[in-house]
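Examining the three-dimensional arrangement
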Amino acid sequence: MLLSIFFAFAYLVTGIDINTTELSGNVYDAESGEKLPSATILIEGSYRGTITNNDGYFSLTADELPVVILIRFIGYQSRQITVDENSNFPLEIAMERSVTEMEEIVVTGKDPGLSIMELVIERKKLWRANLQTYRVDAYTRQTLSNDTSIVSITESSSIAFWDKERGSREVQLSRKQTSNLTDNQNFAGVRYLPNFYDDNIEIAGYNLMGITHPDALKYYHFRLLETRQMDGKPLYKIEVTPRRIRQPLFEGTAWVLGRDYALLEVDLKPNDVVGFPPPIQDFNLAYKQQFSNYGGEYWLPVDMRIEGLIRIGMVGLRFPAIYFSQASRLSDYRINVELPDSVYQSSEWLTRADTLTVDDSQMEIEPIPLTLEETLAYETIDSTKTLEEAFKPEGFLARMASASDEREGSGNFLNFGGVIPDGISLRGRFNRMDGYHLGLNFDRRFNTGRLRLEGFGGYSFHSNLWDYGGTANVRIASIGRARVNGFTGYENTTSTRYPSQFYTTGMNSMATVLGGDDYFDYFRNERIFAGLETRRILPGLNLSVTANREYHDNFNPGNEFDHSWFGWHKMRRTNKEIAEGTLQSIGFEIGYNVTSNDFGFTGNRQIIIGAEISDNSIGSDFDFAKFTFRFDWNLQTFYKRRLFANTLDFHFSGGTSAGHLPMQRFGAIDGSLNYFTPFGTLKTRRFIPYEGSGYWLAAAEHNFRTIPFELLGLRPLVERGWGIIIFGGAGYTAAGSSYPENLMVTDGIHSEVGISLNSVFGILRIDLARRLDAPGTFIGISVPRYF
């Protein structure tokens, strides 16, 4: 009764032609009565068909009667049935098992399965050369379940387009989902479905070689398991196993129809190489796909069935198993037809039908009938049964997070968000010249983000000095994605004497107050500035120009605050004095693909060039020109078909100057911040940087990921995602004889090499570095490199 109501509803909303006839039936084993799921039902003389659901039931629309339907299921003799006006529905279709042929196999050095797949690959080359385009009706249903029941269902009806040159697109006609999901959470579709006749197949970000790729015989073992008869032709069952154990490949079985030498069905899953680092503990996907030539030349997918299991967890946090199931049906192919240009005007794979003009966009797309369990899920799942509740984690970290959420909801006084107004945040730091500093920051956007105002103020309890200032940034013009902004501001604050590409004053504050060396030197800086910046004037390109007027002043000499929380620090080093005076300058910067600093977590591809000019003619007490350059680049090296290929990362930064560069404009090469050693630093330069009026740093590292442990057979480390990185670096700084002798400059070229254990427990990288130009070994930690 419920199925009848469902199909009546589908009949109304899809606008089915009243002259069509709905064919339905049950497909089962003639001997045992067992239902046969995913049996193929095709209308003879057309590209229209469907598959049975998990209960062996199917529904299919015919334009007119009589029609001949072909029923096919691997391991059974195919059946042809004529359906006319006198037929009773649902049809009851009993399938007879096919006979296994035990052909005599001649023992040679070559397995018959290899010869069969050679013929499959050669036949594919012939018919694929003539296949230019197609469009096909598609229906997809996805189901999420936990250990006890179905959690959600999403359905989609669409038209899929394929062009040999332009690729795939999908126009979605309708969507349906259980009440606990919104329309925007429905991702059902065929745009990401693999066609196992393709040369290369993308699975979860991995690029896997298909079993009919021209080079498949070099990457796979094919072994004949058995031979059956089907419709008077031999049907070969071929075992598929990877030949190369460290390449992402498939394993499983393929059924090949003899004489035609075409894939009839595949049952494959990715090998163990396809996996993910913690906290993903288990990731299993299995794919089944059937093919038909519909009586013609081209062998095309009939369906796709995916079963998956994902387990996520770490120490103190464990999620229930997530079971994923998908069934897709492809029907009513139109081969080598002209495709609408509108679907290829956007680079997006998926579009909604109401945004495009597509012929026949209101055509019927028949669903695969629901099983009784799926029908019950639609009836019982309401908006209160959320995915968050169905996959609620367990463990002490989950309990802590839950308790934190409860405290926030109770208005506890520790919840600063309920006390401090929106746009205002706390500000704090510690260094050896200011001591403890406490204050507030202000940051608000106005006029839909076109105007941004920022301000700050705070007091330093050791130096007894106030910091205060503010900036305004306004969008002047927008042209497409390009932006032109103007900015101006005033600051009176403590500045660091040399810059760091990696470490903030906040990071240094924590390291210093815990007993580490204070990484920076400091001076007082009263500054007025204004400028213009452009973003994305060309793809990835940013430009800025800034005019500065600054007054630089020293702290009182000998007034370093000799303090840390636990008294673990050494005597605080003397803060170097600067040349006081007024500095007026103009600065320029051009950047390509500039990214925020992530300490080497991901590979970057960026270039930054900067310049600053100060001259007596513009009222400055200083006369210099300073030029800086930074280059970061990431390249894939080995195992490129993996989601995470081996990578090689380069970093080069440097600077030079003309005139007499004041010490407060020196460049720096970063060393370790206590024991923190990110990529792009000299790891064996301990606790403080190198500085100079001229400097350069070159660093490189190769991420072998889990490959060394795979070669050694250490599967527990591989499964945990641990990897190996080899790195090296060299740097040099210099300053002229007019500067003090005790500057932190290199004695020649500082060089080092080392090895890292990456992704330890998924959160840590351990570096072991050896200095080459002088004795010294150093152990440090940093964030793991993932990308």
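Residues numbered from 1 in each chain as written. Predicted model: local features only at pLDDT ≥ 70, side-chain atom pairs only at ≥ 80, totals over all residues. Heavy atoms only, no water.

Our focus in this paragraph is the overall build of the protein. A tally of helices and strands in the protein yields nine helices and 41 strands. Counting only C-alpha atoms, the protein reaches 105 × 65 × 50 Å along its principal axes. A buried classification covers 49% of the 787 residues belonging to the protein. A separation of at least 24 residues holds for 62% of the contacts in the protein among residues at least 6 apart in sequence. Counting every atom, the protein has about 37900 Å² of accessible surface; 55% of that belongs to carbon and sulfur. (Helix = DSSP H or I, 4+ residues; strand = E, 2+ residues; numbered from the N terminus. Buried < 20%, exposed > 50% of the residue type's maximum accessible area, 1.4 Å probe, protein only. Contact = heavy atoms within 4.5 Å. Areas by Shrake-Rupley, 256 points an atom, 1.4 Å probe, with all protein chains shown as cover.)

Ordered by their spatial adjacency, four strands build an open sheet running β3-β2-β5-β6, and the pairing between neighbours is antiparallel. Taken across any chain shown, the strands that pair with only one partner, and hence form the sheet edges, are β3 (49-51) and β6 (79-83). Mean inter-strand twist for the sheet, computed between neighbouring axes without regard to direction, equals 20°. As judged from the four bridges shared by strand β2 (residues 40-43) and strand β5 (residues 67-72), these two strands associate in the antiparallel manner. Among the inter-strand pairings, I43 is bridged to a residue of β5, identified as I69. (Pairing = 2+ DSSP bridges. Axes fitted to C-alpha atoms, helices over the stretch in contact; angles between N-to-C directions.)

On to the pattern of salt bridges. Within the structure shown, the criterion is met by 42 salt bridges. Put simply, E374 and R141 hold a salt bridge, and the shortest N to O gap is 3.3 Å. Separated by 233 residues along the polypeptide, E374 in helix α4 (residues 372-380) and R141 in strand β9 (residues 133-145) bring together distant segments of the chain. Residue R527 pairs with E550 through a salt bridge whose shortest N-O separation is 3.6 Å. Taken as a pair, R527 in strand β29 (residues 522-538) and E550 in strand β30 (residues 541-553) lie far apart in primary sequence, 23 residues in all. Each of R432, R497, D518, D521, R573 and E691 takes part in a single network of salt bridges with overlapping partners. (Salt bridge = Lys/Arg side-chain N within 4 Å of Asp/Glu carboxyl O.)

Note that R48 resides in the loop between β2 and β3. Of the residues examined, R48 reaches a relative accessible area of 17% and is grouped as buried. Only 3.3 Å separates the side chain of R48 from the side chain of D63, close enough to count as a polar contact. Not counting the four nearest positions on each side in its chain, R48 is found in contact with I41, L42, I43, L60, T61, A62, D63, Y294, S331 and D332. (Polar contact = N/O pair within 3.5 Å; in protein donor to acceptor, adjacent residues only side chain to side chain.)

Attention now moves to the packing of aromatic side chains. Evaluated as defined, the whole model comprises 33 aromatic pairs. Ring geometry for F430 against F561: centres 6.0 Å apart, planes inclined by 55°, an arrangement best described as tilted. On the criterion of sequence distance, the pair formed by F430 in strand β24 (residues 424-431) and F561 in the loop between β30 and β31 (581-592) is long-range, its members being 131 residues apart. The buried category is assigned to F430, whose relative accessible area is 3%. (Phe/Tyr/Trp six-rings, centres within 6.5 Å; stacked < 30°, edge-to-face > 60°.)

Checked against the element boundaries, P90 lands in the loop between β6 and β7 (91-95). On the basis of relative accessibility, which here comes to 37%, the residue P90 falls in the partly exposed class. C-alpha separation for the pair P90 and G25, spaced 65 residues apart in sequence, amounts to 4.1 Å. If we ignore the near neighbours within four places in the chain, the residues touching P90 are S24, G25, N26 and Y57.

The next thing to look at is the sheet that holds β7. What the three strands build is an open sheet, ordered β4-β1-β7; its pairing is mixed. Bordering the open sheet on either side are β4 (57-62) and β7, each of which pairs with just one other strand. Neighbour-to-neighbour, the strand axes of the sheet open up by a mean angle of 30°, direction not taken into account.

So, on to helix α2 (residues 112-128). When the terminal C-alpha atoms of α2 are compared, their 24 Å separation across 17 residues agrees well with the 24 Å that a helix rising 1.5 Å per residue should span. Those residues of α2 that fall on the buried side of the exposure criterion are G113, L114, I116, M117, V120, I121, K124, W127 and R128. Projection of α2 onto a plane perpendicular to its axis shows the buried side chains occupying an angular sector of 160°, all on one side. Structurally, α2 contributes buried residues whose contacts are with α3 (216-219), β14 (220-230), β15 (233-242), β16 (250-257) and β17 (262-270). Its side-chain oxygen placed 2.7 Å from the backbone nitrogen of G113, D111 serves as the N-cap of α2. (Expected span 1.5 Å × (residues − 1). Arc of directions from axis to C-beta.)

All right, on to the confidence of the model for the protein then. Segments scoring low in pLDDT should not have their predicted coordinates read at a detailed level. Here the protein shows a mean pLDDT of 88. Residues at 70 or above account for 92%. Contacts for the low-pLDDT stretch residues 1-18, under 50 throughout, to residues beyond four places or in other chains number 19 contacts. Across residues 406-418 the pLDDT falls below 50, and counting only partners more than four positions away or on other chains, this stretch makes three contacts in the model. (pLDDT = per-residue confidence, 0-100.)

Ranked by internal contacts, the top residues of the largest apolar core, which has 72 residues, are F196, I211, Y220, F222, V256 and L263. Sort the elements by how many residues they give to this core and α2 lands first, with six residues. In this structure, Y220 is in contact with M209, G210, I211, V240, T241, P242, R243, L249 and F250, ignoring residues within four places of it in sequence. Grouped together as the second largest cluster of nonpolar side chains are 20 residues, A39, I43, L60 and I69 included. (Core = buried A, V, L, I, M, F, W, Y, C linked by side-chain atoms within 4.5 Å.)

Before going further, it helps to examine the pairing of strand β20 (residues 303-314). Relative to β20, strand β18 (residues 280-292) runs antiparallel, the two being bridged by eight bridges. Bridge pairing in β20 places F283 opposite I310. Strand direction decides the pairing type here: β20 and strand β22 (residues 322-335), joined by eight bridges, are antiparallel. Counted as the bridge partner of R305 is A327 from β22.

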